[in-house]
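Chains, contacts and geometry: an overview
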Amino acid sequence: MFTGTEIASLLKRCGISHVVTVPDSTVGPWQDGIAGAGIVLVRVCREGEAWAVAAGLHLGGATPLVMIQCTGLFESGDALRNILHDWKLPIPSIIGY
């Protein structure tokens, strides 16, 4: 498993400015490393909300990444379809297991 510092370093090299996430036990341990690297950590309540917040950040000029768990990916299907397919916004993501 990667450490939060390793993930943060990779995200910085990719130009990610914000990580929009729902705290969970899989990707949650990375949050301290991400925040410590100067990447803005945005915690939301639901996975569907994460896609909408990331879209707003992107439209405002940021480079966000959505970081959620796989069950949340299924829950957020409508938001995912709207943001990525209908609006064609390039929002990268990390989906945890």
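Residues numbered from 1 in each chain as written. Predicted model: local features only at pLDDT ≥ 70, side-chain atom pairs only at ≥ 80, totals over all residues. Heavy atoms only, no water.

Moving on, we get to the overall build of the protein. Helices and strands together make up the secondary structure of the protein, namely five helices and four strands. Reading the helices (α) and strands (β) of the protein from amino to carboxyl end gives α-β-α-β-α-β-α-α-β. Relative to the 2.2 N^0.38 estimate, which gives 13 Å for 97 residues, the radius of gyration of the protein is 12 Å and therefore close to what a compact globule would have. For the protein, the C-alpha atoms occupy an extent of roughly 35 × 30 × 20 Å along the three principal directions. When each of the 97 residues of the protein is scored for burial, the buried share is 40%. Restricting the contact set of the protein to residue pairs at least 6 apart, pairs at least 24 apart contribute 66%. Of the roughly 5300 Å² that the protein leaves accessible, carbon and sulfur atoms contribute 61%. Averaging the locations of the 6 positively and 8 negatively charged side chains of the protein gives two centres separated by 7 Å. (Helix = DSSP H or I, 4+ residues; strand = E, 2+ residues; numbered from the N terminus. Rg over C-alpha atoms; globule rule 2.2 N^0.38 Å. Buried < 20%, exposed > 50% of the residue type's maximum accessible area, 1.4 Å probe, protein only. Contact = heavy atoms within 4.5 Å. Areas by Shrake-Rupley, 256 points an atom, 1.4 Å probe, with all protein chains shown as cover. Lys, Arg positive; Asp, Glu negative; His and termini not counted. Charge placed at Lys NZ, Arg CZ, Asp CG, Glu CD.)

Positive phi outside glycine occurs at Lys88, with the angle close to 55 degrees. For Lys88, the position within the fold is in the loop between α5 (77-86) and β4 (93-96). With a relative accessible area of 63%, Lys88 lands in the exposed category.

Relative orientation of the contacting elements helix α3 (residues 47-59) and α5 amounts to 20 degrees, with a least axis distance of 8 Å. Comparing their axes, α5 and α3 come out roughly parallel. Of the two elements, α3 crosses α5, and the hand of that crossing is left-handed. Here Gly48, Trp51, Ala52 and Ala55 of α3 come into contact with α5, specifically with Ala79, Leu80, Ile83 and Leu84. (Axes fitted to C-alpha atoms, helices over the stretch in contact; angles between N-to-C directions. Parallel < 35°, antiparallel > 145°, perpendicular 65-115°, else oblique. Left-handed = near helix turned anticlockwise from the far one by under 90°.)

Within the sequence span of helix α1 (residues 4-13), burial applies to Gly4, Ile7, Ala8 and Leu11. Buried residues along α1 cover an arc of 100 degrees about the axis, so they all sit on one side. Residues of α1 that are exposed and angled more than 90 degrees away from the buried face: Thr5 and Arg13. The elements touched by buried residues of α1 are β1 (18-21), α2 (31-36), β3 (64-69) and β4. Looking one or two residues past α1, Gly15 carries a phi angle of roughly 80 degrees, positive in sign. (Arc of directions from axis to C-beta.)

What follows concerns the environment of Val19. Mapping Val19 onto the fold places it in strand β1. Val19 gets classed as buried once you look at its relative accessible area, which sits at 0%. Taking the C-alpha atoms as reference, Val19 lies 9.9 Å from Pro92; in sequence the two are 73 residues apart. Apart from the residues within four sequence positions on either side, Val19 is in contact with Leu11, Ile34, Ile39, Val40, Leu41, Val42, Leu65 and Met67.

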